[in-house]
Amino acid sequence: MSAQPDSAVGNATLAFLAEPHNAYIGGKFTATSTADYFTVEDPSNGRIIAQLPECDATIVDAAVTAARRALEGPWARIRPADREKMLLDLAAAVERDADLLAEVVSLESGKSVTVARNVEIAGCIDWLRYYAGWATKIEGSTLATSIPVPPGSRHFAMTVREPVGVVGAIVPWNFPLLIAVWKLAPALACGCTIIIKPAEETPLSLLRFARLVDEIGIPSGVVNIVTGRGGTTGSALVNHPGIDKLTFTGSTEVGKLVGHAAVDRMARFTLELGGKSPMIVFADADENSAPLMAGLGMFFNSGQVCTSASRLLIERSVFERTLGSIAAVTDALTLGSGREASAQVQPLLSGRHRERVTNFIDRAVRDGGVRVAGTRPVPDEGFYVAPTIFRGLAPEAELVREEVFGPVVVAIPFDDADEAIRLANDTRYGLAASVWTNDLSRALSVSTALKAGTVWINTHNTLDVNVPFGGYKQSGIGKEHGRAALDAYLENKTIIMRYT
Ligand code: NAD
């Protein structure tokens, strides 16, 4: 399939798009004999830019077999220092091809190419380097024992960390390469092998990344990529008995299916799921924060961020003034394609997703919501939705409770810290929250009372490779990033030896 020309991307990107795209299994980009294909669109104009095979259960089985063979073969004998070197080499290759990878991410997901380069690809490099360092630092412990039998005997006990085995990873479309690397880097550092299924909307950047895996000589079968829709390829991976551990990032609804399937056969699992994160603004917050609140907290990546601030709680005494400033900033955010350097908000992922988001807006209007930002027209071509803020919705309204995963926010007043905490925690989700205040003791007392995996103070939506991340309540199970992520890819074996 030939790519549609896009004058704003480089020739190397166009050449990559025009080539055939195949799954990466056992160290080969194999042309599969699948009956089905799916297409990838450029969200800025809806044009088809690639066609890929839908991997069925037989192809997924071949990937799991390749991963098992690698796990029990050469990969098991590779020294941790060599795994470290491979991850560092991979980081260097990503850095070399960063511009191309950023363009591919931007074309398939719609996001800003600048964000793709400076956040997504830069993040991939950071994560690969950070976990490269961990490969040589995995350790167990020795333990004191009081074992009474046989009488007079003495024992030595230790724990040994071992790779959990073959990992099945399923990732969403909003950060298609970065979220895959969040799983791949710790998995390889710990000595696991992995099969990754990208979202059907955004498989191209991960396939381009697989060429780098191949180029730097990571042994065949250690990394495998299977492409296809969730119900086919994803389901085959989740239900494959050869997978020892599942790691999933996506919606809470699909996360529950993954968790059930894992528990049925006692596979290990971690889930990074949805959110309805509150941003709590107290009267003493810095008055000049509106650009940061709207640009970074609410509408970064067009609101398609799991931790996006989608509930804006403002202390009543400053509600009108603060909401007015945030609404003015919101309506001034410029719309444009991912390749327009000046654009601050890009199109949504697809026509289907835009319809889902605009249906939320229509229902919020029907529920009595008043739009204080977001009524301006948007370009005809591309899947745009103007960043939108509502007020006047009841606590039980759909927009207050359900995740939109787009640029739509609901503003709610509160009277004091206790009410802010109660409103913030009144949700089935618990991914993140932010508190905006200059009062240090209030910042900490509210932070500790919030039922959320991450709480930011005077900022929102920032992550760090060394800092654990994961959800409370229905936002997930387990942690990614930092040392905490290693636990998800390691078993803990106990060895007890009687020595007298
Ligand atoms: P989704 O759950 O629809 O899809 C995520 C992935 O699961 C895709 O690869 C999809 O193909 C696959 N999938 C779908 N059905 C499946 C099935 N039955 N079996 C196996 N796999 C299946 O989510 P999405 O629309 O791609 O992403 C948006 C959601 O992801 C939002 O809820 C968002 O909050 C969440 N998310 C969470 C985080 C986090 O770190 N907590 C990060 C990004 C996105």
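Predicted, not measured: the structure shown is a model, and the values here were computed from it.

## Comments concerning the nonpolar core
Leu-128, Tyr-131 and Phe-209 are the most contacted members of the largest nonpolar core, which has 75 residues in total. Setting aside its immediate chain neighbours within four residues, Tyr-131 contacts Leu-87, Ala-185, Pro-186, Ala-189, Val-465, His-481, Gly-482, Ala-485 and Leu-486. Judged by nonpolar contacts, the second largest core, of 28 residues, contains Phe-282, Phe-360, Ala-424 and Ala-452.

## A word on the environment of Glu-54
Relative to the assigned elements, Glu-54 resides in the loop between β4 (47–53) and α2 (57–72). In this structure the C-alpha to C-alpha distance between Glu-54 and Ser-289, which are 235 residues apart in sequence, comes to 46 Å. For Glu-54, the side chain forms a polar contact with the side chain of Arg-229, separated by 2.5 Å.

## Quick notes on unusual backbone geometry
Going from Val-149 to Pro-150, the amide bond is cis rather than trans, its omega being -15°. For Pro-150, the location among the structural elements is in the loop between β5 (142–143) and β6 (155–163). A positive phi angle, near 75°, is found at His-481, a position not held by glycine. Tracing the backbone through its elements, the reader meets His-481 in the loop between β21 (476–477) and β22 (490–498).

## A few points about the sheet that holds strand β13 (residues 309–315)
Strand pairing in a sheet takes place through backbone hydrogen bonds and is either antiparallel or parallel in direction. Pairing is mixed in the open sheet, where seven strands are placed in the order β14-β15-β16-β13-β12-β18-β19. Either end of the sheet is taken by a strand with one partner, and the two such strands are β14 (370–373) and β19 (454–457). Neighbour-to-neighbour, the strand axes of the sheet open up by a mean angle of 25°, direction not taken into account. Direction of pairing for β14 relative to strand β15 (residues 388–391): antiparallel, over a ladder of three bridges. Following the sheet pairing, Ala-373 is matched in β15 by Ile-389. Along the sheet face, helix α13 (residues 351–366) touches β14, β15 and β16 (408–414) and points at about 25° away from the line of β15.

## Things to note about the site of the ligand
Around the ligand lies a shell of 28 residues, among which Val-171, Glu-200, Ser-251, Leu-273 and Glu-403 are the nearest. In the model, an oxygen atom of the ligand is placed 2.6 Å from a nitrogen or oxygen of the Ser-251 side chain. At 2.8 Å, a backbone N or O of Leu-273 approaches a nitrogen atom of the ligand. The fraction of the free accessible surface of the ligand (840 Å²) that becomes covered by protein chains is 87%.

## Things to note about the side chain of Ser-153
Note on placement: Ser-153 falls in the loop between β5 and β6. The class of Ser-153 is buried, set by a relative accessible area of 14%. In contact with Ser-153, other than residues within four places in its own chain, are Ile-147, Arg-498 and Thr-500.

## Details of the sheet that holds β6
The three strands are arranged β5-β6-β22 in an open sheet whose pairing can be described as antiparallel. Looking at strand neighbours, the two that pair on one side only are β5 and β22, the edges of this open sheet. The sheet contact formed by β6 and β22 spans nine bridges and is antiparallel. Across the sheet, residue Ala-157 finds its bridge partner in β22, namely Ile-496.

## Overview of the domain arrangement of the chain
Interfaces are frequently sized by the accessible area removed from exposure as the parts join. Under the domain assignment, the chain is made up of domain 1 (11–273 + 476–494) and domain 2 (277–464). Where domain 1 abuts domain 2, roughly 2100 Å² becomes buried across the two surfaces, and 57% of that area is made up of carbon and sulfur atoms. Broken down residue by residue, the surface that domain 1 buries against domain 2 is led by Pro-43, Ser-44 and Trp-173, which jointly contribute 25%. Viewed at the interface, domain 2 and domain 1 are joined by two salt bridges. Between Glu-253 and Arg-428 there is a salt bridge, with the nearest N and O atoms lying 3.2 Å from each other. Remark: the boundary between domain 1 and domain 2 carries eight residue pairs in polar contact (both at pLDDT 80 or more). Tallied by class, the residues present in the side of domain 1 that touches domain 2 amount to ten nonpolar, eleven polar and nine charged.

## Quick look at the packing of helix α5 (residues 98–109) against helix α6 (residues 113–134)
In the contact formed by α5 and α6, the axes pass within 8 Å of each other and the chain directions differ by 120°. In terms of axis orientation, α5 runs oblique to α6. Handedness of the α5/α6 crossing: right-handed. Each of Ala-98, Asp-99, Leu-101, Ala-102, Glu-103, Val-105 and Ser-106 in α5 lies in contact with α6, whose residues at this interface are Val-113, Ala-116, Arg-117, Glu-120 and Ile-121. Of the residues that constitute the contact of α5 with α6, the class distribution is seven nonpolar, one polar and four charged.

Conventions and cut-offs
In this convention, every chain numbers its residues from 1, walking through the sequence in written order. Selection of residues for local features in this predicted model requires a pLDDT of at least 70, selection of side-chain atom pairs for listing and counting requires 80 or more, and totals for whole chains, interfaces and linings are taken over all residues. The side-chain numbers reported here are obtained from all heavy atoms of the structure, hydrogens and water having been left aside. Residues enter a nonpolar core if they are buried and are Ala, Val, Leu, Ile, Met, Phe, Trp, Tyr or Cys, with the set joined through side-chain atoms within 4.5 Å. Think of it in three bands: with a 1.4 Å probe and only protein chains considered, a residue is buried below 20% of the maximum accessible area for its type, exposed above 50%, and partly exposed in between. Here a residue-residue contact requires only that any non-hydrogen atoms of the pair lie within 4.5 Å. Here a strand is any run of E in DSSP of at least two residues, a helix any run of H or I of at least four, and the numbering for each starts at the N terminus. Whenever two N or O atoms come within 3.5 Å, that pair is a polar contact, provided that in protein one can donate a hydrogen and the other can accept it, and provided that, for residues adjacent in sequence, both atoms are side-chain atoms. Should DSSP find at least two bridges between two strands, the strands are regarded as paired. Note on geometry: axes are C-alpha line fits, over the in-contact stretch for helices, and angles between N-to-C directions span 0 to 180 degrees. By convention in these notes, a residue is near a molecule or strand provided one of its non-hydrogen atoms lies within 4 Å of it. Working definition of accessibility: Shrake-Rupley area with a 1.4 Å probe, residue cover restricted to the visible protein chains. What counts as a domain boundary in this text is fixed by an automatic or database domain assignment. When two parts are put together, the accessible area they lose, computed with a 1.4 Å probe and summed over both, is reported as buried area. In the sections that follow, a salt bridge refers to a side-chain nitrogen of Lys or Arg positioned within 4 Å of a carboxyl oxygen of Asp or Glu. Residues are grouped as follows: nonpolar covers Ala, Val, Leu, Ile, Met, Phe, Trp, Tyr, Cys and Pro; charged covers Asp, Glu, Lys and Arg; every other residue, Gly included, is treated as polar. Put simply, angles under 35 degrees are roughly parallel, angles over 145 are roughly antiparallel, angles from 65 to 115 are roughly perpendicular, and the rest are oblique. Each helix crossing is assigned a hand: it is left-handed if the near helix lies turned anticlockwise from the far helix by less than a right angle, otherwise right-handed if that turn is clockwise.

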